[in-house]
Amino acid sequence: QVQLVESGGGLVQAGGSLRLSCAASGSIFSITNMGWYRQAPGKQRELVVDLTSGGGTNYADSVKGRFTISRENGKNTFYLQMNSLKPEDTAVYYCNARIRVTATLRLVDSWGQGTQVTVSS
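In short, a report on the structure. (Residues numbered from 1 in each chain as written. Predicted model: local features only at pLDDT ≥ 70, side-chain atom pairs only at ≥ 80, totals over all residues. Heavy atoms only, no water.)

## Some remarks on the pairing of strand β11 (residues 115-120)
Going residue by residue along β11, you find Thr115, Val117 and Val119 tucked away on one face and Gln116, Thr118 and Ser120 left uncovered on the opposite face. Here strand β2 (residues 10-13) runs beside β11; their pairing, made up of four bridges, is parallel. In the sheet register, Gly10 faces β11, and the bridge partner there is Val117. Inspection of the sheet shows strand β9 (residues 91-101) paired to β11 by three bridges, in the antiparallel sense. Paired with Ala91 across the bridge in β11 is Val117. (Buried < 20%, exposed > 50% of the residue type's maximum accessible area, 1.4 Å probe, protein only. Helix = DSSP H or I, 4+ residues; strand = E, 2+ residues; numbered from the N terminus. Pairing = 2+ DSSP bridges.)

Rendered as structure tokens:
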């Protein structure tokens, strides 16, 4: 019923920037939470940042001051701006949204397909 599509990953040198996008589509009544997670090889998936519908944010300590989450006004698209990238930021990045679907008003936890971010030293 709902789908998240990511774009924007790639290869960048240390110190560079990338912007990831996540577009939600389908029978969306509202989105209560949006976030970005990442998973490096051999590691568990971890929270990068979470954004509530009220505008509250929760950033991982490792990305504070370098990454910024934002949402396009009036649209179901959100972004992760990543600056001052480090090799340790290399991972597959996943967007996540908690969506209330139109038909039933139930909350659905949806994930994007993942996009690779590689930071070279």
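## Some remarks on the sheet that holds strand β3 (residues 18-26)
Think of a sheet as strands paired side by side through backbone hydrogen bonds, with each pair either parallel or antiparallel. Overall, antiparallel pairing links the four strands, which are arranged β1-β3-β8-β7 in an open sheet. Looking along the sheet, the strands with just one partner apiece sit at the ends: β1 (2-7) and β7 (67-71). The average angle at which neighbouring strand axes cross in this sheet is 15°, direction not considered. As defined by bridge partners, β7 adjoins strand β8 (residues 77-82) across five bridges and the pair is classed as antiparallel. Paired with Ile69 across the strands is Leu80, a residue of β8. (Axes fitted to C-alpha atoms, helices over the stretch in contact; angles between N-to-C directions.)

Keep in mind these numbers describe shape, not what the thing actually does.
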